[in-house]
Amino acid sequence: MTTPASTDTEPADDLPAGTTPYYARMHTWIKRAVLVCLIALVFEGAFTLPFMAVYYGYPTLSLTEICSELYKVRYSDDTLECKYPYPPLGPPEGAQGKDTAQDEWGIQPTPKYHRLGFRELVRLHDEREARKAAEQQQDAPP
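For clarity, every value in this text was computed on a predicted model and none was experimentally measured.

K.L.:
Which residues make up the nonpolar core, and what are the values?
P.N.:
The tendency in soluble globular proteins is for nonpolar side chains to be buried side by side. Counting eight residues, the largest nonpolar core consists of Tyr56, Leu61, Ile66, Val73, Leu116, Leu121, Val122 and Leu124. Listing elements by their share of this core, those giving two or more residues are helix 2 (63-75) and helix 3 (120-139). No other element matches the three residues that helix 3 contributes to this core. With sequence-adjacent residues up to four places away left out, leucine 124 is seen in contact with Glu69, Val73 and Leu116.

K.L.:
Please set out unusual backbone geometry residue by residue, giving values where relevant.
P.N.:
The omega angle of the peptide bond from tyrosine 84 to proline 85 is -10°, so this bond is cis rather than trans. Tracing the backbone shows proline 85 in the loop between helix 2 and helix 3. Of note in this structure, arginine 119 is not a glycine but carries a positive phi near 55°. When you line up the elements, arginine 119 lands in the loop between helix 2 and helix 3.

K.L.:
So what's going on with the packing of aromatic side chains? Residues and values would help.
P.N.:
Within the structure shown, the criterion is met by five aromatic pairs. An angle of 10° between the planes, with centres 6.3 Å apart, marks the rings of phenylalanine 43 and phenylalanine 47 as stacked. Highlighted residues: phenylalanine 43 and phenylalanine 47, both in helix 1 (residues 24-56), separated by four residues, approximately one helical turn. Overall, the relative accessible area of 49% leaves phenylalanine 43 in the partly exposed class. Both rings, one in tyrosine 55 and one in phenylalanine 118, keep their centres 5.7 Å apart while their planes meet at 65°; by these two values the pair is edge-to-face. Taken as a pair, tyrosine 55 in helix 1 and phenylalanine 118 in the loop between helix 2 and helix 3 lie far apart in primary sequence, 63 residues in all. Of the residues examined, tyrosine 55 reaches a relative accessible area of 33% and is grouped as partly exposed. Within the aromatic cluster, the residues linked to one another by ring pairs are Tyr55, Tyr56 and Phe118.

Thresholds, definitions, all that
- Residues numbered from 1 in each chain as written.
- Predicted model: local features only at pLDDT ≥ 70, side-chain atom pairs only at ≥ 80, totals over all residues.
- Heavy atoms only, no water.
- Core = buried A, V, L, I, M, F, W, Y, C linked by side-chain atoms within 4.5 Å.
- Buried < 20%, exposed > 50% of the residue type's maximum accessible area, 1.4 Å probe, protein only.
- Helix = DSSP H or I, 4+ residues; strand = E, 2+ residues; numbered from the N terminus.
- Contact = heavy atoms within 4.5 Å.
- Phe/Tyr/Trp six-rings, centres within 6.5 Å; stacked < 30°, edge-to-face > 60°.

As structure tokens, this is what we get:
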């Protein structure tokens, strides 16, 4: 009685655990695709913040001022400020302004604030500072 020699059913020694020879090529391409996607995500994350900061007005406003202006626009409250460093046991981010937001809350919240344009936060910040200065000048005794 002879047994046929079959190399298709014998596991290959150089394959990773759990990979059959039939799917080895597919696993190799999946690993490559996942690696490319991870590298692309790292580059995207690394370049998103600097470009968004410049879009909102970074050289004129600091990152903390940009954060505060975004809070003020999002929650329609001119008193909100970003805290840096944020207190370790403080409330969740944005919890203090949720009551003043004009959004429609529900399963899928709908924001009611306008879309910000290029460096519009700088203009909003300058207008707010001018209003504060005018109020202080009116309140000052002659």
